[in-house]
Amino acid sequence: MRTAYSVETVRAAERELMARLPEGALMQRAAAGLAAVCAGLLTRRRGRVYGARVALLVGPGDNGGDALYAGARLARRGAGVTAVPMDPERLHAGGLAALRAAGGRLAQAVPDRPDLVVDGLLGIGGRGGLRPAAAALAGQIPQGVPVVAVDLPSGIDADTGEVAGPAVTADVTVTFGAYKPGLLIDPGASAAGAVHLVDIGLQLPAPEAEALQHADVARLLPVPTASSDKYRRGVVGILAGSAQYPGAAVLAVAGALRGGAGAVRYAGPAAEAVLARYPETLIGRGRVQAWVAGPGLGEGRAGEVAELLAQDVPVLVDADGLRGLDAGLLRARTAPTLLTPHAGEAAALLGVPRESVEAGRLAAARALAERYGAAVLLKGSTTLVASGRAASGGGRPVRVNPTGTSWLATAGSGDVLSGLAGSLLAAGLSGADAGAVAAYLHGLAGRLVAGAGAPVLAHEVAEALPAAWRDVRTP
């Protein structure tokens, strides 16, 4: 599992470690890791470090010092290293001395045709995008030249991934000690490129965010035993579809059938379409261990959703089911509730503009979980899962889904995800676990279908879920 920590937590751990180390030792660890990644990148592109042209964009903080010391290491291996300071009067003195001693030089502008640019303008404490002086330097980065960011791309909010102004887009980010949430959550994650973690010896408490990996998901997947039958494995009910959107019912059932429950019960007006595609489906209301309510319901069916929410079983609410939700009703529930909005639906639930949700996804997921007392799966370029009333103020960390592909932005994809997550709820997973595992498998299935990059259909994603499941369970 990858874990991410806030700026405040990382800095406290750094202060504690620096108190036990010789002065400058922590920066040297960071610089050594940064230089190693840069050297590896240059070797892969050019065959060697010797003779490479490296430009350092250097700010006045510790990130600038990291860049200067790393540049000195590259210069000692024969690279031509040029440091371009944001403020020549505020350079890290030790780093500058090391660079000059190794043969590096200062310049007022990025040299022509560098082989690599290192972004050391701002550190993890930067907020609000790049200021004019930093933005002017970032604007000098030549097109097509690989950029390595120091700790995180300058202009990205390390705690949230928000980009509130101009920012650097990196091909590679070398981060020190711990992942920061902004490296895992869009739009910051998209600007970070490939992220390399350099261990500098920090001792860290519980994380603010985490990203599951195959082994974590495998431990959560329901697996039948010799004594299992379809009812012990769980029955999931699907309230979805309408005369206008019968396909939503078919796709939600498709996801549910491949989600680990023993049976799927469909209650809605699209029974004929569902049975034609999936004759395994039970039709009509009856005993279930979880409900999925909302995909393709259309207008005027809020009462049916409220009726399900009044039952003492887990309920997933998606799409049309999210309209007019009663926060008091949800907070009074004792059984798990999982809400699965996209950014527009989340904005309506919070009463804020959609743009604010898209710019601050982490805050939006936490706010929704807190307001409605439910686990929340916020869909989007980075899917987040927040854990109910404990999502803020010391509860479980927000989970960041690391799988997926932009090709999953297609009609019906969310219906498949809802059915899958609902089936996991029926199999006994908590709301947060069901959401996180479903998002992981759904994203992995989307990648399998898209391959090297091709359009996908929602029903193809459902059909690829068994392959994704097997992939996760294969050591």
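Residues numbered from 1 in each chain as written. Predicted model: local features only at pLDDT ≥ 70, side-chain atom pairs only at ≥ 80, totals over all residues. Heavy atoms only, no water.

Draft legend 1. How the structure looks around the overall build of the protein chain. Across its full length, the protein chain holds 18 helices and 18 strands. On C-alpha atoms alone, the protein chain measures out to a radius of gyration of 25 Å, which is about the 23 Å that the 2.2 N^0.38 rule sets for 475 residues. When each of the 475 residues of the protein chain is scored for burial, the buried share is 55%. Look at the contacts in the protein chain between residues 6 or more apart in sequence, and 68% of them connect residues 24 or more apart. Accessible surface, the protein chain: about 19100 Å² in total, of which carbon and sulfur atoms supply 51%. Charged side chains in the protein chain number 44 positive and 40 negative. The centres of these two groups are separated by 5 Å. (Helix = DSSP H or I, 4+ residues; strand = E, 2+ residues; numbered from the N terminus. Rg over C-alpha atoms; globule rule 2.2 N^0.38 Å. Buried < 20%, exposed > 50% of the residue type's maximum accessible area, 1.4 Å probe, protein only. Contact = heavy atoms within 4.5 Å. Areas by Shrake-Rupley, 256 points an atom, 1.4 Å probe, with all protein chains shown as cover. Lys, Arg positive; Asp, Glu negative; His and termini not counted. Charge placed at Lys NZ, Arg CZ, Asp CG, Glu CD.)

Draft legend 2. Quick peek at the sheet that holds strand β7 (residues 172-176). The strand order across the open sheet built from 7 strands is β4-β3-β2-β5-β6-β7-β8, with neighbouring strands paired in parallel fashion. The sheet is open, and its two borders are formed by β4 (105-106) and β8 (194-198), each paired with just one other strand. For strand β5 (residues 116-120) and strand β6 (residues 147-150), the ladder comprises 3 bridges, and the chain directions are parallel. Looking at the pairing, D119 lines up with A149 of β6. (Pairing = 2+ DSSP bridges.)

Draft legend 3. Spotlight on the pattern of salt bridges. According to the stated counting rule, one finds 20 salt bridges in the structure shown. For E304, the salt bridge goes to R285, with nearest N and O atoms at 3.7 Å. Highlighted residues: E304 in helix α11 (residues 302-309) and R285 in the loop between β12 (282-283) and β13 (290-293), separated in sequence by 19 residues. Residue classification places R285 among the partly exposed positions, given a relative accessible area of 40%. In the salt-bridge network here, residues are joined through shared partners; they are E210, R396, R399 and D433. (Salt bridge = Lys/Arg side-chain N within 4 Å of Asp/Glu carboxyl O.)

Draft legend 4. Quick peek at the packing of helix α2 (residues 25-46) against helix α3 (residues 62-76). Where α2 meets α3, the axes come as close as 8 Å, and the angle between the chain directions of the two elements is 55°. One finds that α2 runs oblique with respect to α3. Considering the relative orientation of α2 and α3, their crossing is right-handed. On the side of α2, the interface is formed by M27, Q28, A30, A31, A32, L34, A35, C38 and A39, while α3 contributes D62, G65, D66, A67, Y69, A70, R73 and L74. (Axes fitted to C-alpha atoms, helices over the stretch in contact; angles between N-to-C directions. Parallel < 35°, antiparallel > 145°, perpendicular 65-115°, else oblique. Left-handed = near helix turned anticlockwise from the far one by under 90°.)

Draft legend 5. Here's a closer look at the side chain of S418. Relative to the assigned elements, S418 resides in helix α16 (residues 413-426). For S418, the contacting residues outside a window of four places in its chain are V292, P295, L316, D318 and T340.

Draft legend 6. Main features of the packing of aromatic side chains. Summed over all chains, the structure comprises 0 aromatic pairs. Positioned above the aromatic ring of Y179, the side-chain terminus of R2 is 5.3 Å from the ring centre. Between R285 and the ring centre of W291, over which it is positioned, the NZ or CZ distance is 5.7 Å. (Phe/Tyr/Trp six-rings, centres within 6.5 Å; stacked < 30°, edge-to-face > 60°. Lys NZ or Arg CZ within 6 Å of the ring centre and 35° of its normal.)

Draft legend 7. The arrangement of the packing of helix α13 (residues 343-350) against helix α15 (residues 361-372) in detail. Packing of α13 against α15 brings their axes to within 10 Å, and their N-to-C directions diverge by 50°. When the axes of α13 and α15 are compared, the pair comes out oblique. The chirality of how α13 crosses α15 is left-handed. Along its contact with α13, which presents A346, L349 and L350, the element α15 presents A364, A367, L368, R371 and Y372. Here the residues of the contact of α13 with α15 are counted per class, giving 7 nonpolar, no polar and 1 charged. (Nonpolar A, V, L, I, M, F, W, Y, C, P; charged D, E, K, R; others polar.)

Draft legend 8. Quick look at the nonpolar core. Counting residues in each nonpolar core, the largest one holds 56 residues, and the members touching the most others are V236, I238, Y266, L424 and L441. It is helix α17 (residues 431-450) that contributes the most residues to this core, 11 residues altogether. Dropping the residues within four chain positions of it, L441 is found in contact with L221, L420, L465, A468, W469 and V472. Formed by 54 residues, the second largest nonpolar core is a distinct cluster that contains V7, C38, A83 and A102. (Core = buried A, V, L, I, M, F, W, Y, C linked by side-chain atoms within 4.5 Å.)

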